[in-house]
Amino acid sequence: MRWENLTDSGHGRAADAALFGADAVTTRTFDTPEFRGITFHEVRARSILNRVPGASRMPFEWTVNPYRGCTHACVYCFARKTHSYLDLDTGLGFDSQIVVKVNAPELLRRQLASRRWQGEHVAMGTNVDCYQRAEGRYRLMPGIIAALSDRANPFSILTKGTLILRDLDLLTQAARVTDVGISVSVGFTDPDLWRTVEPGTPAPERRLEVVRTLGEHGIGCGVLMAPVIPFLGDQPAQLRATVRAIAASGATSVTPLVLHLRPGAREWFMAWLAAHHPHLVRRYERLYAEGAYAPKWYQRRITRQVHDLAREYGIGPARAGTPRRIGEPEPAEPAASEPTQLSLI
């Protein structure tokens, strides 16, 4: 595998500082039912705070990604392309070859202590899910949350994983000192669609239980209704059922996002579509003829429908808190070089 030029930008350019060297990789497998068929590549990262490209649509500038690859195995995942920069397969390889940055918590703590760090918002779960199955074994997120909380550094988490509830006490403590934003991704509630396009994820109703539980503990949680999948999950009755379930969970907000198909994800998704819904292939080729995104008219239609349903079911906007600040951090060595991060949409 091509480890030596790896950066979190995924561009694999030799001019970039390597995120870690080939000699820092330890490969492991575990003969347990939940990890059977999965290979873990444990690495010691050189940097963990990743700057989002300036052209990104994201409302944040920095991310933390303790993993690469994802056992959720969502057939549409936009991050699949990043595995090709490791000479790993973007299909089954993305689902089963997981890179684990085992030193992420201590590295983050050191970088947050740098004089150069200004306490900017840090987003997690924007590339691959930080609460995927591997987190149950490696337990990187408690240390990451603690590092951010100790600096009163605002952060957000996007996840499909129910494992986030393991860290409920840590999240509650963090919310006392800084702005903590949690969003759960639920694009649809159709069980048949879920089983085929998101086979490694908890069921949608279990994710909505996460929303409910967080709300009961005083942590408002929004839902990213993503992706809305054309011709498979976009019928009015399907949208209504999903928004109704989201509202019943106590979500503070719902944000629809139509499926987008970037290179890497597009090929894998279209192969899946040809196998499971061959009659839709031509329709998808027409809908996505101009690139990775569905036409604006289609996106606007879905957004309007979901927002109308949200008003009908009484889902209000999320109200972000104001981050509190603790004293100036102690002097420390400067942060490492700043790799970049692919944007979510």
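The shown structure was predicted, so the numbers you read here are calculated from the model rather than taken from an experiment.

Caption draft 1: Spotlight on the nonpolar core. Ranked by size, the top nonpolar core spans 87 residues in total, and within it Met124, Phe155, Ile157, Phe269 and Tyr284 carry the most contacts. Beyond its immediate sequence surroundings of up to four residues, Ile157 is in contact with Met124, Cys130, Tyr131, Met141, Ile145, Ile164, Leu171, Gly181, Ile182 and Ser183.

Caption draft 2: Quick peek at the packing of aromatic side chains. All told, the structure shown has 10 aromatic pairs when counted by the stated rule. Taking 5.5 Å as the distance between ring centres and 50 degrees as the angle between the ring planes, the aromatic pair formed by Phe269 and Tyr284 counts as tilted. One end of the pair, Phe269, is in helix 9 (residues 265–276); the other, Tyr284, is in helix 10 (residues 281–287), with 15 residues separating them in the sequence. With a relative accessible area of 0%, Phe269 lands in the buried category. Taking relative accessible area as the criterion, Tyr284 reaches 0% and is therefore assigned buried. Every member of this aromatic cluster is reached through a ring pair, and the members are Phe231, Phe269, Trp272, Tyr284 and Tyr288. The ring of Phe30 is capped by Arg137, whose NZ or CZ atom sits 3.6 Å from the centre of that ring.

Caption draft 3: Region of interest: the packing of helix 4 (residues 141–150) against helix 5 (residues 168–175). Running from N to C, helix 4 and helix 5 cross one another at 10 degrees; their axes reach a closest spacing of 10 Å. Here helix 4 is positioned roughly parallel relative to helix 5, judged by the angle of their axes. Between helix 4 and helix 5, the contacting residues are Pro142, Ile145 and Ser149 on the first element and Leu170, Leu171, Gln173 and Ala174 on the second. Across the contact of helix 4 with helix 5, the residue classes break down as 5 nonpolar, 2 polar and no charged.

Caption draft 4: Main features of the environment of Ser114. When you line up the elements, Ser114 lands in the loop between helix 2 (104–112) and strand 7 (122–124). Note on Ser114: relative accessible area 1%, which makes it buried. Within the structure, Ser114 has its side chain in polar contact with the backbone nitrogen of Arg116 (distance 3.0 Å).

Conventions adopted
Residues numbered from 1 in each chain as written. Predicted model: local features only at pLDDT ≥ 70, side-chain atom pairs only at ≥ 80, totals over all residues. Heavy atoms only, no water. Core = buried A, V, L, I, M, F, W, Y, C linked by side-chain atoms within 4.5 Å. Buried < 20%, exposed > 50% of the residue type's maximum accessible area, 1.4 Å probe, protein only. Contact = heavy atoms within 4.5 Å. Phe/Tyr/Trp six-rings, centres within 6.5 Å; stacked < 30°, edge-to-face > 60°. Helix = DSSP H or I, 4+ residues; strand = E, 2+ residues; numbered from the N terminus. Lys NZ or Arg CZ within 6 Å of the ring centre and 35° of its normal. Axes fitted to C-alpha atoms, helices over the stretch in contact; angles between N-to-C directions. Parallel < 35°, antiparallel > 145°, perpendicular 65-115°, else oblique. Nonpolar A, V, L, I, M, F, W, Y, C, P; charged D, E, K, R; others polar. Polar contact = N/O pair within 3.5 Å; in protein donor to acceptor, adjacent residues only side chain to side chain.

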